Structure formats: structure tokens, C-alpha cells
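Each chain is listed here by its residues.
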Amino acid sequence: MTNYQRAKELASFGAELCTEAKSLLNGINSFLATNTTFSIDWAAETLPDNLQESNDGNLDGLHFSRTDLANAIYSLNQIKALLLGESVSQGNYFGNVLKLAQVEA
């Protein structure tokens, strides 16, 4: 394989990643808009009436808590800002997101 072919493959891979980033941004926007519509205070001190938790403190049937989700929502807002070139605060945003994704950070 020539150097040009390798460079072309790398350029194509970069384009694929950019397409995935655009798709990620679209997904984040859709999720955040839907979350806003529901107006759920995921981190409320008391359990909102429309939610159920299991004995382990997680949302019933899921592997994460309301607080984990609230942290991930904030993180998704920060990732969105980063993708749009806006200022972001420092934090473990991917760690919060990966916790919900059941992936090791």
C-alpha cells in the first residue's frame, strides 16, 4: 500500500468520525429536547410520582440511578457545547455518559 493510499484511508476515517460526531450532536439535541418536554427533575430529593426505583436505588429496570442520569444530562449538555465550539466547564463528562452506557471509562 502506498503512502497516498494510507493517507486517503486516514482521510476517509476522519470523514466518518465527523459524520458520527454530527449524528451524536443530533441525538443529543433530540434527547435534551424530549427531556425538557417531560420536565422531570431527575435529581430531586424526593422521588417524583412518575418514576419508580428498585431496592438498589436505581431506576426500576435500569442499571443507573436518577442522580446518574441527571449527571449524564448535564454532561450531554457540555458535550453539545464542546461540539458547537462553545465554552465548557471542566468535568468527567465522558465518565458520566459511559456509566449509563455500561462501558468502562
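Per chain, residue numbering runs from 1 following the sequence as it is written. Whole-chain, interface and lining totals are the exception, using all residues; otherwise, since this is a predicted model, local features are given only for residues with pLDDT of at least 70 and side-chain atom pairs are given and counted only at 80 or more. Note that water and hydrogens are dropped before the side-chain values are worked out from all heavy atoms of the structure.

Novice: Explain the environment of isoleucine 73 here, please?
Specialist: Numbering of helices and strands starts at the N terminus; helices are DSSP runs of H or I of at least 4 residues and strands are runs of E of at least 2. Mapped onto the elements, isoleucine 73 comes out in helix H2 (residues 66-83). Throughout, exposure labels follow a simple rule: accessible area from a 1.4 Å probe, protein chains only, divided by the maximum for the residue type, with under 20% read as buried, over 50% as exposed, and the rest as partly exposed. On the accessibility criterion, isoleucine 73 (10% relative accessible area) is buried. Sequence separation of isoleucine 73 and valine 97 is 24 residues, and the distance between their C-alpha atoms is 8.3 Å. Look past the residues within four positions of isoleucine 73 in its chain and what remains in contact with it is Phe31, Leu32, Asn35 and Trp42. Residues count as neighbours in contact if any of their non-hydrogen atoms are within 4.5 Å of one another.

Novice: Would you explain the side chain of aspartate 68 in this entry?
Specialist: Its place among the elements puts aspartate 68 in helix H2. A polar atom in the side chain of aspartate 68 sits 3.0 Å from the backbone nitrogen of serine 65. Under the rule applied, a polar contact is a pair of N or O atoms within 3.5 Å (in protein, one hydrogen donor and one hydrogen acceptor; residues adjacent in sequence only if both atoms are side-chain atoms).

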